[in-house]
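# Tertiary structure, described
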Amino acid sequence: MNIVLLGAPGAGKGTQAEKLVSEYGFTHLSTGDVLRAAVAEGTPLGLEAKKYMDAGDLVPDEVVVGLVEETLKADPEGSYLLDGFPRTPTQAVSLDTVLSNLGQELDYAIALQVDMESVVDRMCSRRCCRDCGAIGNVSDGPTCPKCGGEMYQRDDDNEETVRNRIEVYNKQTSPLIDYYHGNGILVEVDGNKTPDEVFSAICDVLS
Ligand code: ADP
Ligand code: ZN
């Protein structure tokens, strides 16, 4: 089974992805995580991507599609949870092609719907673990509750960049809701509830 998680920045994709991976054993493919790792390693791709990410703009489609294609081909039998990809209609069409070449398809596109008002607050108080990638909040303190690593604030989780990311989402990513509705695989979930409630709504769909 392959699923895509759709939603505005701060909709809770990363939080639900962690839960889905532990419950169903998906291979989690977050293009944001892959790009941040490339930035941290200072690879040529990372240096190129950082400019876009710091501004809250999208990294060019060719770059991201190339990364995803590489990962999917490395384990063509895998069961993938795609998080933060696709983010444009071009990426969505490319994904369909890559999957069909591997004899696979998408089973569900799960769209997390949230009030835009709450998104900016969620993002600006969000903290992430440098070591295990866990997602938390500034109120959790400086140490990761899961592994003891350092909790830090992402460079793009500041108000100005968050506002641009929301605009980019509305313009470039929200059309995917219609795209997947048209394909008959769209499931909309209320993302304003607690993480556990959202998770159980998603599990109802998958089981
Ligand atoms: P968010 O919390 O906004 O969902 P992500 O971690 O998914 O954040 O992505 C962070 C940044 O990485 C984006 O603002 C963008 O610059 C880049 N990025 C991630 N995924 C993609 C993608 N599929 N296409 C283009 N850029 C991407
Ligand atoms: Zn941790």
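Residues numbered from 1 in each chain as written. Chains lettered and ligands numbered in written order. Predicted model: local features only at pLDDT ≥ 70, side-chain atom pairs only at ≥ 80, totals over all residues. Heavy atoms only, no water.

## A short note on the site of ligand 1
By nearness alone, 20 residues border ligand 1, and Thr31, Arg36, Asp57, Gly84 and Arg165 come closest of all. Here an oxygen atom of ligand 1 sits 3.0 Å away from a polar atom, N or O, in the side chain of Lys13. (Near = heavy atom within 4 Å. Polar contact = N/O pair within 3.5 Å; in protein donor to acceptor, adjacent residues only side chain to side chain.)

## Description of the nonpolar core
In terms of nonpolar packing, the biggest core is built from 29 residues, with Val4, Leu6, Leu72, Leu95, Leu106 and Tyr180 touching the most fellow members. Breaking this core down by element, the ones donating at least two residues are β1 (3-7), α3 (44-55), α4 (61-74), β3 (80-83), α5 (89-101), β4 (108-113) and α8 (175-183). Sequence-distant contacts of Leu106, that is, excluding residues within four places in its chain, are made with Asn2, Ile3, Val4, Leu82, Leu95, Asp96, Leu99, Tyr180 and Ile185. Within the second largest apolar cluster, 22 residues are counted, among which are Leu20, Val119, Val198 and Ile202. (Core = buried A, V, L, I, M, F, W, Y, C linked by side-chain atoms within 4.5 Å. Buried < 20%, exposed > 50% of the residue type's maximum accessible area, 1.4 Å probe, protein only. Helix = DSSP H or I, 4+ residues; strand = E, 2+ residues; numbered from the N terminus. Contact = heavy atoms within 4.5 Å.)

## Some words on the packing of α4 against α5
Describing two packed helices takes the angle between their axes plus the distance from one axis to the other. Between α4 and α5, whose axes approach to 10 Å, the crossing angle comes to 25 degrees. On the basis of the axis angle, α4 is roughly parallel to α5. Here the hand of the crossing between α4 and α5 comes out right-handed. Residues Asp61, Val64, Val65, Glu69 and Leu72 of α4 form the contact with α5, whose participating residues are Thr90, Gln91, Ser94, Leu95, Val98 and Leu99. (Axes fitted to C-alpha atoms, helices over the stretch in contact; angles between N-to-C directions. Parallel < 35°, antiparallel > 145°, perpendicular 65-115°, else oblique. Left-handed = near helix turned anticlockwise from the far one by under 90°.)

## Here we look at the sheet that holds β1
In spatial order, the strands read β2-β3-β1-β4-β8; together these 5 strands make up an open sheet with parallel pairing. Of all the strands in the sheet, just β2 (27-30) and β8 (186-190) have a single pairing partner and so form its edges. Along the sheet, successive strands turn relative to each other by an average axial angle of 20 degrees, direction set aside. Sheet topology note: the β1/β4 ladder contains 5 bridges and is parallel. Residue pairing in the sheet places Leu6 in a bridge with Ala111 of β4. Packing of helix α2 (residues 31-41) onto the sheet brings it into contact with β2 and β3, and relative to β2 it is tilted by some 65 degrees. Strands in contact with helix α9 (residues 195-206) are β1, β4 and β8; relative to β4, the strand with the most contacts, it is inclined by about 155 degrees. (Pairing = 2+ DSSP bridges.)

## A closer look at empty space enclosed by the protein
This model, assessed by the stated rule, comprises 1 cavity of 30 Å³ or more. Volume-wise, the largest cavity comes out at about 40 Å³. Lining the largest cavity are Val65, Val68, Glu69, Leu72, Phe85, Gln91, Ser94, Leu95 and Val98. Considered class by class, the residues forming the lining of the largest cavity number 6 nonpolar, 2 polar and 1 charged. (1 Å grid on protein atoms, 1.4 Å probe; cavity = no way out; pocket = protein on both sides within 12 Å on 5 of 7 lines; lining within 4 Å. Points joined across faces, edges and corners; volume = space filled by probe spheres on them. Nonpolar A, V, L, I, M, F, W, Y, C, P; charged D, E, K, R; others polar.)

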